[in-house]
Amino acid sequence: MTVWNDVTVLAMPSAIHGAQRVVVKVGSSLVTNEGSGADEAAIASWVKQIANLRAAGKEVILVSSGAIAEGMKRLNWSKRPTHIDELQAAAAVGQMGLAQVYESKFAVFGITTAQILLTHADLADRTRYLNARSALFTLLRLGVVPIINENDTVITDEIKVGDNDTLGALVANLIEADALVILTDQTGLFTADPRKNPQAELIQTAPAGLAILEEMAGGAGSNIGTGGMLTKVLAAKRAMKSGAHTIIASGREINVLPRLASGERIGTELRADTPLLTARQQWIADHLQLRGKIVLDAGAVKAIRDNGKSVLPIGVVRVEGQFMRGDVIACVDELGKEIARGIINYNSPESARMAKHTTEQIEQLIGHMDEAELMHRNNMVLVSP
Ligand SMILES: Nc1ncnc2c1ncn2[C@@H]1O[C@H](COP(=O)(O)OP(=O)(O)O)[C@@H](O)[C@H]1O
Ligand SMILES: N[C@@H](CCC(=O)OP(=O)(O)O)C(=O)O
């Protein structure tokens, strides 16, 4: 008896059936036909399917990989470069090609497209996050299909999302999508990498966030894709936080999107069954890179995790990193395990000075007191174990 493939769920229509707003992500190996250049026929087929969903009244946002693979093709590079500047150059060249193909294929259906290139920094800054969100909502209202990729040409490791499965989930969170469909080169998530283990079985449905899924998912099986199945499973866990269900299916399956929309079950459905975070908590949870850490003693960990309390200076053992008031930082236990993350009310030197002291001593220690808490409960999210 497995904890997935729940027969009651399998008897229900797919999660896309009732979804109003859907993020569709297509991976590099699919878009570029294993690296041999933008696969115009395949792209035309997904575009037609998206036009079909639009005609059925759904809003669709596309996240497309393939810029680096397409750039390599255009530059006649047979091996993926390792230097960041060459990867950035390939992405810049390839993105032009992708945009051209998508625009021309959508034009056949009279659909206008918009290109949006994002970095993690765009989503980590509250103002830029809200700007991206309102621009996307406006585009959807105007009937445009936004086509998103990571802005690979300007990224460094610090501002990198790193893979488009994660980017797709961040976009699903950003616009509160009902579903994230990840189209890839396998028919779904298997109990092990099917390229290596022919006995592997397809998981048809499971709750997103189920820990065992992360053990089953391996890295990319080809040298074209980036994250493999693990980033897809983690993306489903992330998408779940804003209530989006995730489907992992083959992009080569005929008419996969309209068939899913009609309720048919194809590939793997990872369901979002957990309570939703508020929009503000969602933004906090979306941070991939945090500015610093506060290390909490056991009493503070218990108060935060089990009793829903704010972080007070008295429970802080140590402060790590350089941060400003308003930055998102991690709260970790004394073994370094992340317990929660949230918006800090004091900068790092002030936080360090008030560690292990009572709230009454704050003013005396740093010369002023803005808030009694170092991190308020309303500005925090617990990190699931
Ligand atoms: N448990 C698994 N189930 C299915 N595929 C897996 C699994 N573990 C690893 N993989 C590999 O993940 C690959 C898909 O990821 P990736 O190459 O990054 O695709 P994409 O470019 O679509 O993001 C598959 O081709 C497969 O070899
Ligand atoms: N942004 C990169 C793709 C990164 C990526 O995640 O690729 P993939 O794992 O194939 O979806 C590009 O356009 O080449």
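Remember, it's a predicted structure, so these values are computed and weren't measured experimentally.

Phi at asparagine 5 takes a positive value of approximately 45 degrees, unusual for a residue other than glycine. The residue asparagine 5 is located in the segment before α1 (7-10) in this model. For asparagine 5, a count of 15 C-beta atoms within 10 Å corresponds to the partly exposed category. Backbone geometry places glutamate 176, a non-glycine residue, at a positive phi of 50 degrees.

Burial analysis of strand β7 (residues 245-250) places 5 of its 6 residues in the buried class, which makes it a mostly covered element. Taken together, the 3 bridges between β7 and strand β8 (residues 268-271) define a ladder with antiparallel strand orientation. For isoleucine 248, the partnering residue across the bridge sits in β8 and is threonine 268.

Backbone-to-backbone hydrogen bonds pair the strands of a sheet. The strands run either parallel or antiparallel. Taking strand neighbours across the sheet as the criterion, the 5 strands line up as β10-β9-β11-β12-β13 in an open arrangement whose pairing is mixed. Taken across any chain shown, the strands that pair with only one partner, and hence form the sheet edges, are β10 (316-321) and β13 (380-382). In this sheet, adjacent strand axes meet at a mean angle of 20 degrees when their direction is disregarded. Here strand β9 (residues 292-296) pairs with β10 via 5 bridges, running antiparallel. Bridge pairing links valine 295 to arginine 318 in β10. Running at roughly 70 degrees to strand β12 (residues 338-343), helix α13 (residues 298-307) makes contact with β9, β11 (328-332), β12 and β13 of the sheet.

Turning our attention to the sheet that holds strand β3 (residues 113-118). Pairing within the open sheet is mixed, and its 8 strands lie in the order β3-β4-β2-β1-β5-β7-β8-β6. Here the strands that pair on one side only, and so sit at the sheet edges, are β3 and β6 (205-207). With strand direction ignored, the average angle separating the axes of adjacent strands in the sheet is 20 degrees. Bridge count between strand β5 (residues 179-184) and β7: 6 bridges; the pairing is parallel. Paired with isoleucine 182 across the two strands is isoleucine 248, which belongs to β7.

Let us look at the UniProt feature "domain: PUA" (unreviewed entry) in the chain. As annotated in UniProt, the feature "domain: PUA" (unreviewed entry) corresponds to residues 292-375 in the numbering used here. Structurally, residues 292-375 is divided into 26% helix and 26% strand, and its ends, taken at the C-alpha atoms, are 13 Å apart.

We now examine the domain arrangement of the chain. Per the domain assignment, the segments of the chain are domain 1 (7-281) and domain 2 (290-382). One C-alpha centre belongs to domain 1, the other to domain 2, and the line joining them spans 36 Å.

Owing to its 3.6 residues per turn, the α-helix aligns residues three or four sequence positions apart on the same side. Here helix α5 (residues 84-107) is 24 residues long and its end C-alpha atoms lie 34 Å apart, about the 34 Å a rise of 1.5 Å per residue gives. Along α5, the positions that sit buried rather than exposed are Ala90, Ala91, Gly94, Gln95, Leu98, Val101, Tyr102, Lys105 and Phe106. Contacts made by the buried residues of α5 are with α3 (40-55), β2 (59-64), α4 (67-74), β3 and β4 (145-150).

Here we take up the site of ligand 2. Close contacts around ligand 2 come from 16 residues, with Ser28, Ser65, Ala67, Ile68 and Thr226 the closest. Elements with a contribution of two residues or more to the shell around ligand 2: α4 and β4. Here the shell around ligand 2 gets 3 residues from one element, more than from any other, and that element is α4. Of the residues that constitute the shell around ligand 2, the class distribution is 4 nonpolar, 9 polar and 3 charged.

Here we take up the packing of α3 against α5. Relative to each other, α3 and α5 sit at 50 degrees, their axes nearing to 9 Å. In terms of orientation, α3 lies oblique with respect to α5. Classified by chirality, the crossing of α5 by α3 is right-handed. Of the residues in α5, those touching α3 at Glu40, Ile43, Ala44 and Val47 are Val101, Tyr102, Lys105 and Phe106. Taken together, the residues that form the contact of α3 with α5 break down as 6 nonpolar, no polar and 2 charged.

Rules used in this analysis
Residues numbered from 1 in each chain as written. Chains lettered and ligands numbered in written order. Predicted model: local features only at pLDDT ≥ 70, side-chain atom pairs only at ≥ 80, totals over all residues. Helix = DSSP H or I, 4+ residues; strand = E, 2+ residues; numbered from the N terminus. Buried ≥ 20, exposed ≤ 12 C-beta atoms within 10 Å, placed from the backbone. Pairing = 2+ DSSP bridges. Axes fitted to C-alpha atoms, helices over the stretch in contact; angles between N-to-C directions. Contact = placed C-beta atoms within 7 Å. UniProt positions renumbered as here; feature names shortened; annotations may be inferred. Domains from an automatic or database assignment. Expected span 1.5 Å × (residues − 1). Near = placed C-beta within 6 Å. Nonpolar A, V, L, I, M, F, W, Y, C, P; charged D, E, K, R; others polar. Parallel < 35°, antiparallel > 145°, perpendicular 65-115°, else oblique. Left-handed = near helix turned anticlockwise from the far one by under 90°.

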